[in-house]
Amino acid sequence: MVKKEGKIIVFSAPSGSGKSTILNHLLNIPELNLAFSISATNRLPRGEEKHGNEYYFLQTEDFKKRIENNEFLEWEEVYPGRFYGTLKSEINRLWSEGKNIIFDLDVKGGVNIKKIYPENTLSVFIKVPSIEELENRLKKRGTDEEDSIRVRLERFEYELTFEKDFDIVLVNDILKKTLEKAEIIVKNYLKREE
């Protein structure tokens, strides 16, 4: 039996733009029937992150072996030596549960998913009002070293070049309003006929 493909909502943004806050808000709305696609990475867990919850934390060699075995739907070396990707098995697991899938991906990953599933993917680019605001948010969350923040800020302008490739650009300036807008966007998309 062929499993029915659900809908996909991809959120991409520079690190510190508020993706996780927005996704967590949407995941807590039962009527949306959303499930979070857990990405794989070779980085170490931050803070309270746990394997199989926020990410599948893989050793670098294991990650590369899975690339060779074509186990990824998409993957990217986002920073030198730092890999992120979506395992095909994760998509199959969520669709077999009858869920619509919500993704938190880097910009290239977001564009790639849209290319693979153009008919059932909504891609949303989240933007912060300024690079200064992004720097403040990264420092406030307290999970990154100064060098890591500098690398993320350098990557910011590069990531902005991808916003034109997304269906919707959502500016996260006032969080409450951004959450309301994100909810409306997703509800309207899920109501559309296939």
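It should be noted that the structure appears before, not after, this text.
About the thresholds
Residues numbered from 1 in each chain as written. Predicted model: local features only at pLDDT ≥ 70, side-chain atom pairs only at ≥ 80, totals over all residues. Heavy atoms only, no water. Helix = DSSP H or I, 4+ residues; strand = E, 2+ residues; numbered from the N terminus. Rg over C-alpha atoms; globule rule 2.2 N^0.38 Å. Buried < 20%, exposed > 50% of the residue type's maximum accessible area, 1.4 Å probe, protein only. Contact = heavy atoms within 4.5 Å. Lys, Arg positive; Asp, Glu negative; His and termini not counted. Charge placed at Lys NZ, Arg CZ, Asp CG, Glu CD. Pairing = 2+ DSSP bridges. Axes fitted to C-alpha atoms, helices over the stretch in contact; angles between N-to-C directions. 1 Å grid on protein atoms, 1.4 Å probe; cavity = no way out; pocket = protein on both sides within 12 Å on 5 of 7 lines; lining within 4 Å. Points joined across faces, edges and corners; volume = space filled by probe spheres on them. Nonpolar A, V, L, I, M, F, W, Y, C, P; charged D, E, K, R; others polar. Expected span 1.5 Å × (residues − 1). Arc of directions from axis to C-beta. Core = buried A, V, L, I, M, F, W, Y, C linked by side-chain atoms within 4.5 Å.

Peer 1: Would you mind showing me how to read the overall build of the protein here?
Peer 2: In terms of regular secondary structure, the protein is built from seven helices and nine strands. On C-alpha atoms alone, the protein measures out to a radius of gyration of 16 Å, which is about the 16 Å that the 2.2 N^0.38 rule sets for 194 residues. Over its C-alpha atoms, taken along the principal directions, the protein stretches across nearly 50 × 40 × 30 Å. The buried share among the 194 residues of the protein stands at 47%. Taking the intrachain contacts of the protein between residues at least 6 apart in sequence as the baseline, contacts between residues at least 24 apart amount to 67%. The protein carries 32 positive and 35 negative side-chain charges, and their two centres are separated by 3 Å.

Peer 1: Please explain the sheet that holds strand β6 (residues 82–87) as it appears in this structure.
Peer 2: Sheet strands associate in pairs through backbone hydrogen bonding, adopting either a parallel or an antiparallel arrangement. Pairing in this open sheet of four strands is mixed, and the strands run β4-β3-β6-β5 from one edge to the other. Two strands close off the open sheet at either side, each with one partner strand: β4 (55–57) and β5 (72–79). Strand-to-strand twist across the sheet, computed as the mean angle between neighbouring axes with direction ignored, equals 25°. Inspection of the sheet shows strand β3 (residues 39–41) paired to β4 by three bridges, in the parallel sense. If you follow Thr-41 over to β4, its bridge partner there is Phe-57. Where helix α3 (residues 88–96) meets the sheet, it contacts β4, β5 and β6, and its direction lies at approximately 35° from that of β6.

Peer 1: Quick question: what am I supposed to make of the environment of Arg-150 here?
Peer 2: You can see Arg-150 is positioned in helix α6 (residues 146–160). Accessibility expressed as a relative area gives 42% for Arg-150, which makes it partly exposed. In this structure, the C-alpha to C-alpha distance between Arg-150 and Glu-135, residues 15 residues apart in sequence, is 8.6 Å.

Peer 1: Even after reading the chapter, I still don't get the layout of surface pockets, so can you show me in this structure?
Peer 2: Over the atoms rolls a probe the size of a water molecule, and in doing so it shows where empty space is left. Put simply, the largest pocket is a space of about 1,100 Å³. Along the wall of the largest pocket there are 39 residues; nearest its centre are Lys-19, Ser-20, Tyr-55, Asp-104 and Arg-141. Elements with a minimum of two residues in the lining of the largest pocket: α1 (19–27), β5, β6, β7 (100–105), α5 (131–141) and α6. Ranked by residue count, the leading element in the lining of the largest pocket is α1, at six residues. Counted by class, the lining of the largest pocket contains 11 nonpolar, 13 polar and 15 charged residues.

Peer 1: Please explain helix α7 (residues 175–191) as it appears in this structure.
Peer 2: Quick reminder: α-helices carry 3.6 residues per turn. Residues three or four places apart thus point the same way. Between its first and last C-alpha atoms α7 spans 24 Å; for 17 residues at 1.5 Å apiece the expected length is 24 Å, and the two agree. Listed as buried for α7 are Thr-178, Leu-179, Ala-182, Glu-183, Ile-185, Val-186 and Tyr-189. Projected down its long axis, α7 carries its buried residues within an arc of 165°, all on one side. The outward face of α7, more than 90 degrees from its buried face, is lined by the exposed residues Lys-176, Ile-184 and Lys-191.

Peer 1: What am I meant to see in the nonpolar core here?
Peer 2: Among soluble globular proteins, nonpolar side chains are generally buried collectively. Formed by 19 residues in total, the largest nonpolar core has its most connected members in Ile-9, Phe-11, Ile-22, Leu-26, Leu-34, Ile-102 and Val-186. Listing elements by their share of this core, those giving two or more residues are β1 (8–12), α1, β8 (121–127) and α7. With five residues, the top contributor of residues to this core is α7. Excluding anything up to four places from it in sequence, Ile-22 contacts Phe-11, Ile-126, Asn-172, Thr-178, Leu-179 and Ala-182. Listed in part, the 12 residues of the second largest apolar core include Ile-8, Ala-35, Leu-94 and Phe-103.

Peer 1: Got a minute to help me understand the side chain of Asp-104 in this structure?
Peer 2: Here Asp-104 is to be found in strand β7. Taking the relative accessible area as the measure of exposure, Asp-104 reaches 18% and is therefore buried. With residues up to four places along the chain from it excluded, the contact list for Asp-104 reads Phe-11, Lys-19, Ser-20, Leu-23, Phe-36 and Ser-39.

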